Each structure stands twice: as structure tokens, then as C-alpha cells.
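Each chain, letter by letter, is given below.
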Amino acid sequence: MTSRTTPTVVRFKSAFSLPGFDAPQPPGEYRVDHDEESLEGASLIAWRRVTTFIHLPAISASGATHQMVPIEPASLEAALEQDQRQ
């Protein structure tokens, strides 16, 4: 089975929180990695998302520690939609 990681960058204009976060995160750009594995069929290859991680802190923030936190893609989409409405 083949796997791949697709990195993206999301931007929050306001502080945001996701389930499992201890505190709200500041506005900024955040790297998000989507890990996927292949589902090989007879004539095509499809990909299934298995995990999604957000990198903390924001890309522009300086700090000695960085961490990858697992998140639910639906929670991230909801937070981004809420941020756009503000």
C-alpha cells in the first residue's frame, strides 16, 4: 500500500480553537498535512485520507517548540468557515 502526505496552508484572520486544543490559537497561517493511503483497484488508484495534522504555532510565529496536532478535517473546515464570517 502506498501513502502520501499533502501539505497545505490555511489562514485564520481571528483567533480560533479546535476540539482538543487547550487554548485558542492566534490568527495567522498554519501548515496542515493530510496523510492518505492508496486504494488500488483494477483500473485506477484512489486515495483515502487517514489522518490530518495542524502544525503549531503559526508559520510566522517564532518559538523553540513546534508540534503536530491531529485534527478532524470537518472541525478545521467549520473553524475556517466561522473565521470567514467574522
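Everything here concerns the structure above.
Calculation criteria
The numbering scheme is per chain: residues are counted from 1 as the chain's sequence reads. Reporting of local features is limited, given that this is a predicted model, to residues whose pLDDT is at least 70; pairs of side-chain atoms are given and counted only at 80 or more, and all residues count toward the totals for whole chains, interfaces and linings. Calculated side-chain values reflect all of the structure's heavy atoms, with hydrogen atoms and water omitted. Residues belong to a common nonpolar core when they are buried Ala, Val, Leu, Ile, Met, Phe, Trp, Tyr or Cys residues joined through side-chain atoms within 4.5 Å. Between buried and exposed lies partly exposed: a residue is buried under 20% and exposed over 50% of the maximum accessible area for its type, with that area taken using a 1.4 Å probe on protein chains only. In this text, helices come from DSSP runs of H or I with a minimum length of four residues, and strands from runs of E with a minimum of two, each type numbered from the N-terminal end. Any two residues having at least one pair of non-hydrogen atoms within 4.5 Å are treated as being in contact.

Further remarks concern the nonpolar core. Counting residues in each nonpolar core, the largest one holds 15 residues, and the members touching the most others are Phe-12, Phe-16, Leu-18, Phe-21, Tyr-30, Ile-54 and Leu-76. Those elements giving two or more residues to this core turn out to be strand E1 (3-12), strand E2 (28-40), strand E3 (45-56) and helix H1 (73-85). Here this core gets 3 residues from one element, more than from any other, and that element is H1. What Phe-12 contacts, discounting residues up to four positions off in sequence, is Pro-27, Gly-28, Tyr-30, Leu-76, Ala-79, Leu-80 and Asp-83.

Let us now look at the environment of Gly-20. Along the chain, the position of Gly-20 falls in the loop between E1 and E2. Spatially, the C-alpha atoms of Gly-20 and Thr-8 are 21 Å apart, while their sequence positions differ by 12 residues.

A few words on unusual backbone geometry. In this structure, the amide linkage connecting Leu-56 to the following residue, Pro-57, adopts the cis form with an omega of 0°. Checked against the element boundaries, Pro-57 lands in the loop between E3 and strand E4 (67-70).

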